[in-house]
Amino acid sequence: MELFDVSLFASMLRLVTPILLAALGGAICARVGLFNVGLEGLMLTGAFSAIVGNYYTGNVWLAVLFAVLCTVIFSMLFAYMSIHLKANAIVVGISLNFLAAGLTTFLLRVIFDVKGAYYNKDMVGLPKWDVPLLRDIPWLGDVLSGHTPLVYLSIILVIALQLFFFKTVTGFRLLASGENPTAARSLGIKVTRIQYGAVLLCGVLCGLAGAQLSLGNVTMFTEGMTAGRGFIALVATMLGQSNPLGVAASSLLFGLMDALSLRLQGFSLPTHFTMMLPYVVTIVAMLIFKDKSYMQEARKANESSR
């Protein structure tokens with residue numbers, strides 16, 4: 001068995017999508033001065049809601065829509081408390097992570113009457129798309145073709161957000177709202193409205209991330225199935241300096257490590273050791289690429305609504 005082959009990179013692209021989508025949501029929040037630590041809870045809410053939506057509707061697209069809707073409602077809790085009530089955004093985010101973990105565990109028992117995990121062999125997950133021209137390209141076709149629509153959507157969103165942030169008037173207003181809210185308000189920019197919109201968009205992206213996790217990567221839900229991916233997404237946001245292209249590059253690194261940890265299990269390495277790999281790399285990356293601007297972002301989160 002080869003360590004670095006086509007299937008490894010194809011797996012990387014599949015595994016990186018939930019991290020990338022959530023990281024992009026975190027980047028939008030960071031751009032308006034809100035340090036959203038609640039990405040883990042939002043992703044978990046999306047993952048569970050997607051399974052519930054699929055269970056009741058039998059339609060995978062309605063399930064994704066339901067996941068987005070539930071996650072947006074959950075994210076509005078973060079927006080209301082951190083923007084309207086002027087609570088500490090970091091504390092609110094951590095609280096939402098615990099709330100999501102407890103709520104999904106409770107509802108798993110209430111709705112499905114099971115503990116630990118829910119799986120239904122008749123449940124249909126997200127379809128895999130074979131892109132006609134792309135699949136004919138040697139090597140690259142095997143890596144890029146045969147993924148769910150949300151994988152391709154995440155790639156499109158990276159480019160779209162990069163253009164939005166740095167090439168549009170609305171994007172510059174969003175950046176101004178985070179850099180200097182007082183100056184932005186003096187120019188007539190509705191900072192509070194922009195912050196609410198940013199958190200709403202973050203909720204949409206985290207809902208899609210959760211749906212990819214429970215309906216794309218697998219077709220089931222397990223308690224705490226995000227397994228720290230929300231925190232890895234947060235690190236990817238910081239390493240990428242909230243720049244969509246930088247965030248994508250950071251996310252790909254963590255996605256590769258995630259895929260590599262699964263591959264190493266086939267080499268008879270201890271499972272507990274291989275599962276540590278993505279998290280060890282996350283810590284190492286934070287140490288190597290440490291920058292004072294991370295602290296500024298965290299400090300800005302405390303002052304963004306004041």
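This text goes with the structure placed above it.
Residues numbered from 1 in each chain as written. Predicted model: local features only at pLDDT ≥ 70, side-chain atom pairs only at ≥ 80, totals over all residues. Heavy atoms only, no water.

*Asks:* Let's hear about the packing of aromatic side chains: which residues, and what values?
*Replies:* Considering all chains together, one arrives at eight aromatic pairs under this definition. Consider the rings of phenylalanine 48 and phenylalanine 221, whose centres lie 5.1 Å apart with planes at 70°: the pair is edge-to-face. Here phenylalanine 48 is found in helix 2 (residues 39-57), whereas its partner phenylalanine 221 is found in strand 2 (residues 220-222), with 173 residues between them in sequence. Classification of phenylalanine 48 as buried rests on a relative accessible area of 4%. When the centroid spacing of 6.2 Å and the interplanar angle of 75° are considered together, the rings of phenylalanine 165 and phenylalanine 166 count as edge-to-face. A residue is classified by how much of its surface remains accessible, and phenylalanine 165, at 1% relative accessible area, is buried. Ring pairs connect the aromatic residues Phe48, Tyr55, Tyr56, Phe112, Tyr118 and Phe221, which therefore count as one cluster. Over the aromatic face of phenylalanine 165 sits the side chain of arginine 31, whose NZ or CZ is 5.6 Å from the ring centroid. (Phe/Tyr/Trp six-rings, centres within 6.5 Å; stacked < 30°, edge-to-face > 60°. Helix = DSSP H or I, 4+ residues; strand = E, 2+ residues; numbered from the N terminus. Buried < 20%, exposed > 50% of the residue type's maximum accessible area, 1.4 Å probe, protein only. Lys NZ or Arg CZ within 6 Å of the ring centre and 35° of its normal.)

*Asks:* Outline the side chain of asparagine 54, listing residues and values.
*Replies:* Examined against the element boundaries, asparagine 54 turns out to sit in helix 2. Judged by relative accessible area, asparagine 54 falls into the buried class, the value being 5%. In this view, asparagine 54 contacts Asn59, Val60, Ala63, Met123, Val124 and Leu215; residues no more than four positions away in its chain are not counted. (Contact = heavy atoms within 4.5 Å.)

*Asks:* Describe helix 12 (residues 271-288), listing the residues and the values that go with them.
*Replies:* With 18 residues, helix 12 extends 26 Å between its outermost C-alpha atoms, agreeing within 8% with the 26 Å of an ideal straight helix rising 1.5 Å per residue. At leucine 277, helix 12 shows its maximal bend, which comes to roughly 40°, and the proline proline 278 appears one to four places after that position. Inspection of helix 12 places Thr274, Pro278, Val281, Thr282 and Ala285 among the buried residues, and these make up the whole buried set. Against the buried residues of helix 12 lie helix 10 (229-239) and helix 11 (244-264). (Expected span 1.5 Å × (residues − 1). Bend = angle between axes of the 7 residues up to and from the residue.)

Keep in mind these values describe shape, not function.
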